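Take a look at the letters that make up each chain.
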Amino acid sequence: MRGLWGRVWQRRTPLVVLMAVVGIAGAVLVTRDSGGGHLAANRAQLRKACDGTLPYGDLERLVRDERPGELGEHGTMLAPGQESRSLLDCSLSWGDGYGVTVHAEALVSDVPEAVEARDLLEPAGGRGTFVAPGTTGQYGKRGAWLVADCLGGLGGRVRPTTDLYVTARVTDGTDGGAGGSDGTDGTGSADEADAAAGNGKPDRATALLGFRTAVHVANALTKAQHCGSGPLTTPTAVVDTDETHGAPGQGLRKCEWIDGSSLPGVASGSWTTLGDLQESTGLSACAGEWDAEKNAGERPRPKQWQVTEVEAASWSGILGRSAYDSYEREGHVPGWGAEDDKRPSEAGSGTDPEAGSETDPEAGSETDSEAGSETDSEAGSETDSEAGSETDSETDAGADTRQDDRVSSYAGRPQLALWARSVCGGRTTYHRVAVLPEIRLEDGETAVIGAKDRARLSTAARTVLDRYLDADDGWPASAKCRGTKVLGEVEQWH
């Protein structure tokens, strides 16, 4: 019997093997028909997509197997003869919310992002966002954005330009992305993720991935364009600018010059400072505020018109032109309303400190010498003791005041700003400082700034500018700013 069963099994063996092979082949066909088996092809597509500029190592984990990747791309990097404002515009999707979109263009006009002082200090209207220290940019509506230089000039546009703008948005199938990976600290809680999903803010890992992608694309493009400048440093971490996460922008060394005990012309006492966190060579911002909580019981409340807040910001190259244009649209630049040929120069990356000097407002025309003269500082030293007496305001009201010197209780943040221009790091740079006085009004009331109080504010603004430009640890010193020219004051009372 054993020999009989052995012969039967031998005869059936080929049939069993054939059935097994057919079964495996059928399973493979079913898997493919159900949407699987695309992983290898999608990974190969990722390597080549967007002219090979994407960071494969960072994005590989997002590639899906269920369906073929969908790629859309255009731009002058892909088709040099193409008429397009984009060097590269590319989107790659693997379905179910997994994908990456990048955009790069050679800027011939302003940076398409908000770069005023408050946008740097309180991004997203105070809700906060992410920045990658060392990278000039933020995480915005288009994802992570950055600005980079191309000293050799960028091709693809009719007008020559040396400024590159890149955005990158990465999605990983969730509203905010998965935290705790990609080099982040993973400290974000579920509540943070829910809040992020509600206001469109990504989680920390997604933001970092966006910045790393944007930097990788920028470096690939500047290399291909023979820009002649070194690559940007790939970020390894991002910082949340939201003050509810520990106020990371407070007490920065570059803002230490804002000190109520040593800065003439402002309210004495303890001040709290705030600075942007980009650590950029192209822009910087600092602000300080008289701290009512810390000064309670130690210092009297500041008098009317005494300076209780200050701001200082700088923008180089195209960022300077963009910031100036943004303030100009609001009517907040020196000489606003004059003829077009009487505006300060809009030079983007120029290095001539006298560019447009013949068009500068008369205010500050004698201040081309080095900022920070002791005379200006001493002139403001009496402000703290004399500033803001209500008697002065009442006595000087009338013939000595102008309509522009009236402040309504409905005004947003009344302030006096002072603009200057330098060459910093070889690029034309705009500086703007502002002093914000103490104003106490009931709803519907209007205050009138007396001549003496107005003069004190002017002196304080110049003192703040001088101290900002001369601070050893400040941004202007690190950027080796020179050839400073004061452009004029701007009253923002309304």
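Structure first, text after, so check above.
Colleague: I'd love a proper account of the state of the cysteines, names of residues and values included.
Modeller: As used here, a disulfide is simply a covalent bond connecting the sulfur atoms of two cysteines. If you walk through the whole model with that rule in mind, you get four disulfides. For Cys-150, the disulfide goes to Cys-227, at an S-S distance of 1.9 Å. Residues Cys-150 and Cys-227 are joined through a disulfide that is left-handed, its torsion about the S-S bond being -95°. Pair noted here: Cys-150 is in strand E6 (residues 143–154) and Cys-227 is in the loop between helix H6 (204–224) and strand E8 (239–240), with a separation of 77 residues, a long-range link. Neither residue differs from the other here; Cys-150 and Cys-227 are each classed as buried. Covalent S-S linkage joins Cys-255 and Cys-286, the inter-sulfur distance amounting to 2.0 Å. Torsion about the S-S bond of the Cys-255 and Cys-286 cystine: about -80°, corresponding to left-handed handedness. Within this pair, whereas Cys-255 is found in the loop between E8 and strand E9 (271–275), its partner Cys-286 is found in strand E10 (residues 283–290), the two being separated by 31 residues in sequence. For Cys-255, a relative accessible area of 0% translates into the label buried. Using a relative accessible area of 1% as the deciding quantity, one classes Cys-286 as buried.

Colleague: Break down the sheet that holds strand E16 (residues 482–492) for me, citing the residues and quoting the values.
Modeller: Here we have six strands laid out as an open sheet, ordered E9-E10-E11-E14-E13-E16, and antiparallel in their pairing. Because the sheet does not close on itself, it has two edges, and the strands there are E9 and E16. Pairwise comparison of adjacent strand axes, ignoring direction, gives a mean angle of 15° for this sheet. In terms of strand pairing, E9 meets E10 through five bridges, oriented antiparallel. Opposite Thr-272, over in E10, you have Glu-289 as the bridge partner. Contacts from helix H8 (residues 317–329) reach E10, strand E11 (307–316), strand E13 (415–424) and strand E14 (427–437), with the element oriented near 130° to E11. The strands touched by helix H12 (residues 451–470) within the sheet are E10, E11, E13, E14 and E16, with E14 carrying the most contacts at an inclination of about 140°.

What counts and what doesn't
- Residues numbered from 1 in each chain as written.
- Predicted model: local features only at pLDDT ≥ 70, side-chain atom pairs only at ≥ 80, totals over all residues.
- Heavy atoms only, no water.
- Disulfide = S-S within 2.5 Å.
- Helix = DSSP H or I, 4+ residues; strand = E, 2+ residues; numbered from the N terminus.
- Buried < 20%, exposed > 50% of the residue type's maximum accessible area, 1.4 Å probe, protein only.
- Pairing = 2+ DSSP bridges.
- Axes fitted to C-alpha atoms, helices over the stretch in contact; angles between N-to-C directions.
- Contact = heavy atoms within 4.5 Å.

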